[in-house]
Amino acid sequence: MSSRTLPLLFINLGGEMLYILDQRLRAQNIPADKAKKVMNDIITTMFNKKFLEELFKPQELYSKKALRTVFDRLAHASIMRLNQASMDKLYDLMTMAFKYQVLLCPRPKDILLVSFNHMDAIKDFVKDTPSILGQVDETYQQLIEMYTPMCSGEFQLIRQTLLIFFQDMHIRVSIFLKDKVQNSNGRFVLPISGPVPHGTQVPGLIRMFSCTGEEVNRLKFTNGGNYAAATREGSFEIFGDRVTKLGTNMYSVSRPVETLMSGTSKNSAQKTKQVNAAPNPLAKEELNLLAKLMGRLEEPNPGNTDSGFRVNLFATDEEEEEALISRPDELSYGVLKIQATKDLQANAELAKIMGEFTVSGDQSPSASSKGDDLLAMMDGL
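Conventions and cut-offs
- Residues numbered from 1 in each chain as written.
- Predicted model: local features only at pLDDT ≥ 70, side-chain atom pairs only at ≥ 80, totals over all residues.
- Heavy atoms only, no water.
- Salt bridge = Lys/Arg side-chain N within 4 Å of Asp/Glu carboxyl O.
- Helix = DSSP H or I, 4+ residues; strand = E, 2+ residues; numbered from the N terminus.
- Buried < 20%, exposed > 50% of the residue type's maximum accessible area, 1.4 Å probe, protein only.
- Phe/Tyr/Trp six-rings, centres within 6.5 Å; stacked < 30°, edge-to-face > 60°.
- Lys NZ or Arg CZ within 6 Å of the ring centre and 35° of its normal.
- pLDDT = per-residue confidence, 0-100.
- Contact = heavy atoms within 4.5 Å.

Caption draft 1: Up close: the pattern of salt bridges. Per the counting criterion, the structure on display carries 13 salt bridges. Across the pair R107 and E233 runs a salt bridge, and its minimum N-O distance is 3.0 Å. Taken as a pair, R107 in the loop between α5 (84-104) and α6 (110-125) and E233 in the loop between β6 (226-228) and β7 (259-260) lie far apart in primary sequence, 126 residues in all. Classification of R107 as buried rests on a relative accessible area of 16%. Under the relative-accessibility criterion, E233 is labelled partly exposed at 34%. Three or more residues joined by partner-sharing salt bridges are found here, namely R68, D72 and D88.

Caption draft 2: View of the packing of aromatic side chains. Under the definition given, this model contains nine aromatic pairs. Between F176 and F188, the ring centres sit 5.3 Å apart and the planes meet at 80 degrees, which makes this aromatic pair edge-to-face. Taken together, the residues span a long stretch of sequence, with F176 in helix α9 (residues 174-178) and F188 in the loop between α9 and β3 (193-195) at a distance of twelve residues. The same class applies to F176 and to F188, which are both buried. The aromatic ring of F165 is capped on one face by K64, whose charged end is 4.9 Å from the ring centroid. Above the face of the F236 ring, K109 is positioned so that its terminal group lies 4.6 Å from the ring centre.

Caption draft 3: Quick look at the confidence of the model for the protein. For the protein, per-residue confidence averages 77 on the pLDDT scale, and 68% of positions sit at 70 or higher. The model gives residues 262-266 a pLDDT under 50, and that stretch makes 13 contacts with residues more than four places away or in other chains.

Written out as structure tokens, the structure is:
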């Protein structure tokens, strides 16, 4: 498993979350000032310097529950509130969109271009807020310094790690179903046509060489697809044409997006539940790591809810309630509640970590205004 996968997973899922929330805020006609505050607060929290320092440390991926905890906190980092059904749907859309992008990457290294597309969009969301823009630019530099020197084999390991993380997730998404890129069982349909990866040739030719390296014969064969020559390589700099459209906003054209549970997903969830029921010797260590990571994020302020508003990812409140009731318990991600007081008493090391956390001076002042408490969380991994 690659120890450098977590930052890319976090940034790409975060980018998808912002795309979805931006689309829903517009669809619900939320006033522009409130919508901007939501996006600024989430991005400010997402790119908190100390939080990113923790995130960029070499480490294995967290479990799905642990990662969901982080995004629960991020989604509620402002005056916006999400009910559990809407949060479930938001997370489903985020994960399935990025899973599809990882599957479609022509080369493993193109995952970095997908990440840069997300970063470009995030930067555009805060282009009028210089203090937050500086945070995003610092993360750009970290990504470039960490990932551009990597070889193809290291990116292949990152890609495999991501696919292993997503392999049991088969949520059907209406946009993918309508575009016929997803089957009714939630599995994606991969194309057998289009441009080949940069640095490769269109398949269909076998060349034979002598022991001296001289080409002695050529044989052509039918490749079974409609391939084209590779396009130019995308830019791996802060500015530039990424070439690939993977990682750009697929919600830019307004259309309803629904998620549906497939039979495959239910079966996978049952297996996941059985696995999670077994004692996990690493659970305590993961909880400690997660507590440390969450200590880098601001706690929501439940006392300031006068200006808060609720965002519904469904067409109506009735649909949201029905989705919450009909969703299998195994797929409503239980998330951890980090009880700061209890943890401080039980763990002196964690007390020191959380005691040292302060909001950096370059944070947006509006970031201290938070919405309601997080969704109800489970007690353990």
